Amino acid sequence: MTTHAPRAAQGAQSVTLPATLDEAVAALAAAPAAAPVAPAAVPVAGGTDLMSSVNAGLLRPAALVGLGRINEIRGWQYQDGHGLLGAGLTHARMGRPDFAALIPALAAAARAAGPPQIRNAGTLGGNIASAAPTGDSLPVLAALEAVLIIAGPGGARREIPVSHLLAGMEMLAPGELIGYVRVPLLHAPQVFLKATGRTGPGRATASVALVLDPARRGVRCAVGAIAPMPLRPLEAEQWVAGLIDWDGERGLVPEALTAFGEYVAAACVPDHPPAEDGTAQPLPPAVLHLRRTVAALARRALGRALS
């Protein structure tokens with residue numbers, strides 16, 4: 001929780017600082033809504049997205065529940081071949097070498113999340129709950145097929161795939177919080193790349209996360225920032241996985257890498273449907289540039305993973 005959160009949240013009636021995940025859930029459930037435009041209670045960790053909405057007048061919560069003192073969700077641990085990541089992990093913490101050795105693509109996304117002040121405050125759970133299309137961790141979590149562990153009232157816990165939450169298939173109920181994120185430890189190359197509209201840290205115009213899964217002889221890829229949720233080009237994944245010699249060098253010729261990039265780009269930035277007379281409708285220059293960007297990112301990501 002940022003030290004400025006209570007002051008910046010004009011109109012907030014109370015600020016609660018629970019010490020455990022269950023206390024935070026109870027505080028969320030106990031706060032009544034002040035008005036239709038004022039949600040009952042809003043959890044705040046880093047506040048990088050929440051406070052922007054508050055300061056812009058888009059949100060006036062009746063209460064804030066600060067998550068910064070909940071130590072149980074600020075670290076990570078091993079669990080049956082998976083990493084159990086606390087939702088309170090900051091981008092700065094995920095960018096450190098020890099975490100990068102565990103989940104390289106997520107560490108790379110964390111390091112690319114913005115300037116130091118954003119990385120020091122922003123959290124993994126906040127990135128997921130905000131579900132902003134440009135969230136750098138989201139395509140990585142989609143490619144890793146991460147699972148969310150949701151904390152509910154009365155100590156209840158339930159699990160949902162992160163892709164379900166991002167697609168709106170399963171939503172958080174009132175009084176629920178993202179407690180942990182479980183991701184498989186693949187012990188194989190992982191890559192995260194993104195393109196921005198400027199030099200240096202910035203919001204992604206397109207991003208690609210790619211992970212190899214040798215145990216399942218699979219390639220998993222997710223494209224972010226170009227749609228409301230990360231996109232999985234499943235046919236492209238299956239096609240290129242069938243070309244890789246999983247028992248040998250795992251290398252691909254440049255033509256195959258190029259074809260993969262174009263396959264991914266065509267799946268995620270498709271052509272317009274033909275006109276009524278059957279003639280092809282060309283893509284606008286901006287969309288064509290976006291498709292080329294996605295193709296280049298996917299090609300480079302796969303090349304680096306296989307090198």
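Residues numbered from 1 in each chain as written. Predicted model: local features only at pLDDT ≥ 70, side-chain atom pairs only at ≥ 80, totals over all residues. Heavy atoms only, no water.

Student: Teacher, can you tell me more about the pattern of salt bridges here?
Tutor: By the definition in use, this model includes 14 salt bridges. Between Glu 170 and Arg 158 there is a salt bridge whose closest N-O contact spans 3.7 Å. Here Arg 158 lies in strand 7 (residues 157–161) and Glu 170 lies in the loop between helix 10 (162–166) and strand 8 (177–184), a separation of 12 residues in the sequence. According to the relative accessible area criterion, Glu 170 is partly exposed, its value standing at 27%. Here Asp 213 makes a salt bridge to Arg 216, at a shortest N to O gap of 3.7 Å. Of the residues examined, Asp 213 reaches a relative accessible area of 5% and is grouped as buried. (Salt bridge = Lys/Arg side-chain N within 4 Å of Asp/Glu carboxyl O. Helix = DSSP H or I, 4+ residues; strand = E, 2+ residues; numbered from the N terminus. Buried < 20%, exposed > 50% of the residue type's maximum accessible area, 1.4 Å probe, protein only.)

Student: Explain the pairing of strand 11 (residues 218–224) here, please?
Tutor: Every regular strand shows the same layout, with side chains that alternate between the two sheet faces. Most of strand 11 sits inside the fold, with 7 of its 7 residues counted as buried. The two faces of strand 11 match: Gly 218, Arg 220, Ala 222 and Gly 224 on one face and Val 219, Cys 221 and Val 223 on the other face are all buried. With 7 bridges joining them, strand 10 (residues 204–213) and strand 11 adopt antiparallel strand pairing. Each bridged residue has a counterpart across the sheet, and for Leu 210 the counterpart in strand 11 is Cys 221. Between the end of strand 10 and the start of strand 11, which pair antiparallel, lie 4 residues, with Arg 217 showing a positive phi angle near 50°. (Pairing = 2+ DSSP bridges.)

Student: I tried to follow helix 12 (residues 254–268) on my own but got confused; where do I start?
Tutor: Because the α-helix completes a turn every 3.6 residues, residues three or four places apart line up on one side. Here helix 12 spans 21 Å end to end across 15 residues, near enough to the 21 Å set by a 1.5 Å rise per residue. What helix 12 keeps buried is the set Ala 256, Leu 257, Phe 260, Gly 261, Val 264, Ala 265 and Cys 268. For helix 12, the secondary structure elements touched by its buried residues are strand 10, strand 11, helix 11 (234–241) and helix 13 (285–306). (Expected span 1.5 Å × (residues − 1). Contact = heavy atoms within 4.5 Å.)

Student: Would you take a moment to explain the packing of helix 12 against helix 13 for this structure?
Tutor: Working note: a packed helix pair is described by the angle between its axes plus the distance between those axes. Running from N to C, helix 12 and helix 13 cross one another at 135°; their axes reach a closest spacing of 7 Å. The orientation of helix 12 with respect to helix 13, classified from their angle, is oblique. Here the hand of the crossing between helix 12 and helix 13 comes out right-handed. Residues Leu 257, Thr 258, Phe 260, Gly 261, Glu 262, Val 264, Ala 265 and Ala 266 of helix 12 pack against Arg 291, Val 294, Ala 295, Ala 298, Arg 299, Leu 302, Gly 303 and Leu 306 of helix 13. Residue composition of the contact of helix 12 with helix 13, by class: 10 nonpolar, 3 polar and 3 charged. (Axes fitted to C-alpha atoms, helices over the stretch in contact; angles between N-to-C directions. Parallel < 35°, antiparallel > 145°, perpendicular 65-115°, else oblique. Left-handed = near helix turned anticlockwise from the far one by under 90°. Nonpolar A, V, L, I, M, F, W, Y, C, P; charged D, E, K, R; others polar.)

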